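Coordinate inspection notes
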Amino acid sequence: DSLYGRKNSSDPDSLYGRKNSSDPDSLYGRKNSSDPHSPDGDRPGIMKKRGSVDPNSTSGRPGSDLNGEVPEGKVVMTLVKAKDLIKSDLIGKSDPYAVLTYGLQQHKTPVVKNTQDPTWNHEAPFLIPDGDDQTVNIEVFDSDKIGKDKSLGNLNLDLADVVAMDGEEGRWYPLEGVKSGHILLMSDFVDQFGNDSRGQPSSLANKDGSLDPSRNNRKDSSDPLNKYGLPDCSQGMPVGKARFNIIRAKDLIKTDLVGKSDPYA
């Protein structure tokens, strides 16, 4: 499957090879990070970061090449679990699920029955960019058999903050619009060249099989003056995937004595 083919998927079976975990204290051995803000850049193919809604924003953190910018690629958000959700029913507990939305892309977790502390371990891949949208919305609902599902709180995250969480420990966020409730989030990122937010080979590129850093044996570019604005390949061809579209042909030779050809390529 194309890495950048745009298909919505709820991906409950962990497309990217990551293991599920309910460990909120030491998820996947990831490291935390500090938060010095860096100025926006102006490089081609980069989405500039708007004002963050996350007071603990790490989009300019040390070790990251983001500097408040969002490169093109794919971010995989993992909604691990929630805790202390409000009760929307007078009797019994809730049946929570969550909807994650970025631009026109949307993913929904499975419903977990009869709990205020659901565990989803749900991965939601989003392709970046999606128009001008720079916010990821997450809303938790109580699934009801009768009537409209009730909201148990929501969260809006700046896209740059989501990408900057790449490779960190899971982080708890308070839900907005409700008296209680938190969700535990993680994210991983791979850019169009197979690298993470630090410019290192991304674990996503290896695990989903779509990019293979070991296959970097191509020759130097035949465009030494870089007339076409291509990436600098002086240190070797960057790892990635190229997709060619063959649109049409014209003036093909006739191979049949009678009638026209039935061409394919």
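The structure reproduced in this document is the subject of the present report. (Residues numbered from 1 in each chain as written. Predicted model: local features only at pLDDT ≥ 70, side-chain atom pairs only at ≥ 80, totals over all residues. Heavy atoms only, no water.)

1. Considerations on the overall build of the chain
A count of helical and extended segments in the chain gives two helices and 10 strands. Taken from N to C terminus, the helices and strands of the chain fall in the order β-β-β-β-β-β-β-β-α-β-β-α. Within the chain, the fraction of its 265 residues that count as buried is 39%. By sequence separation, contacts in the chain at least 24 residues apart represent 65% of the contacts at least 6 residues apart. Within the structure as shown, the chain displays about 15700 Å² of accessible surface, and the carbon and sulfur contribution to it stands at 49%. (Helix = DSSP H or I, 4+ residues; strand = E, 2+ residues; numbered from the N terminus. Buried < 20%, exposed > 50% of the residue type's maximum accessible area, 1.4 Å probe, protein only. Contact = heavy atoms within 4.5 Å. Areas by Shrake-Rupley, 256 points an atom, 1.4 Å probe, with all protein chains shown as cover.)

2. Side note on the sheet that holds strand β4 (residues 96-102)
Read from one edge of the open sheet, four strands run β5-β4-β7-β8, paired in antiparallel fashion. At either end of the open sheet lies a strand with only one pairing partner, and these are β5 (105-108) and β8 (150-158). Between one strand axis and the next, the sheet turns by 15 degrees as a mean value, whatever way the strands run. Summarising the sheet, strand β7 (residues 135-142) and β8 pair through eight bridges and their orientation is antiparallel. The residue bridging Thr135 from the neighbouring strand is Asp158, located in β8. (Pairing = 2+ DSSP bridges. Axes fitted to C-alpha atoms, helices over the stretch in contact; angles between N-to-C directions.)

3. Looking at the packing of aromatic side chains
Going through the model one piece at a time under the given rule, you end up with two aromatic pairs. With a centroid separation of 5.5 Å and 20 degrees between ring planes, the pair formed by Tyr97 and Phe141 is classed as stacked. In this pair, Tyr97 is assigned in strand β4 and Phe141 in strand β7, connecting sequence segments 44 residues apart. On the basis of an interplanar angle of 80 degrees and a centroid distance of 6.1 Å, the ring pair of Tyr102 and Phe126 is categorised as edge-to-face. Here the residue Tyr102 occupies a position in strand β4, and Phe126 occupies one in strand β6 (residues 119-128), the gap between them amounting to 24 residues. For the residue pair Tyr102 and Phe126, the accessibility class agrees, reading buried in each case. (Phe/Tyr/Trp six-rings, centres within 6.5 Å; stacked < 30°, edge-to-face > 60°.)

4. Details of the pattern of salt bridges
Counted by the stated rule, this structure contains two salt bridges. For Asp144, the salt bridge identified is with Lys150, shortest N-O distance 3.0 Å. Residue Arg171 pairs with Glu168 through a salt bridge whose shortest N-O separation is 2.6 Å. Arg171 gets classed as buried once you look at its relative accessible area, which sits at 15%. Accessibility expressed as a relative area gives 2% for Glu168, which makes it buried. (Salt bridge = Lys/Arg side-chain N within 4 Å of Asp/Glu carboxyl O.)

5. Considerations on the nonpolar core
Formed by 29 residues in total, the largest nonpolar core has its most connected members in Met77, Ile183 and Leu185. Contributing elements (two or more residues each) for this core: β3 (73-83), β4, β6, β7, β8, α1 (159-164) and β10 (182-191). Setting aside chain neighbours within four positions, we find Leu185 in contact with Met77, Thr78, Leu79, Ile138, Leu155, Leu157, Met165, Glu169, Gly170, Arg171 and Tyr173. (Core = buried A, V, L, I, M, F, W, Y, C linked by side-chain atoms within 4.5 Å.)

6. Describing the pairing of β10
Counting buried residues in β10 gives nine out of 10 residues, a clear majority hidden from the surface. In this sheet, β10 lies alongside β3 in antiparallel orientation, the contact comprising 10 bridges. Considered in β10, the bridge of Met77 is made with Ser187. Relative to β10, strand β9 (residues 171-174) runs antiparallel, the two sharing four bridges. Within the sheet, the bridge partner assigned to Pro174 lies in β10 and is His182.

7. A short note on the sheet that holds β3
The strand order across the open sheet built from four strands is β6-β3-β10-β9, with neighbouring strands paired in antiparallel fashion. Each edge of the open sheet is held by one strand with a lone partner, namely β6 and β9. The sheet shows a mean angle of 30 degrees between the axes of neighbouring strands, taken without regard to direction. Sheet analysis places β3 next to β6, joined by eight bridges and oriented antiparallel. From the neighbouring strand, Lys81 faces β6, where its bridge partner is Thr119.

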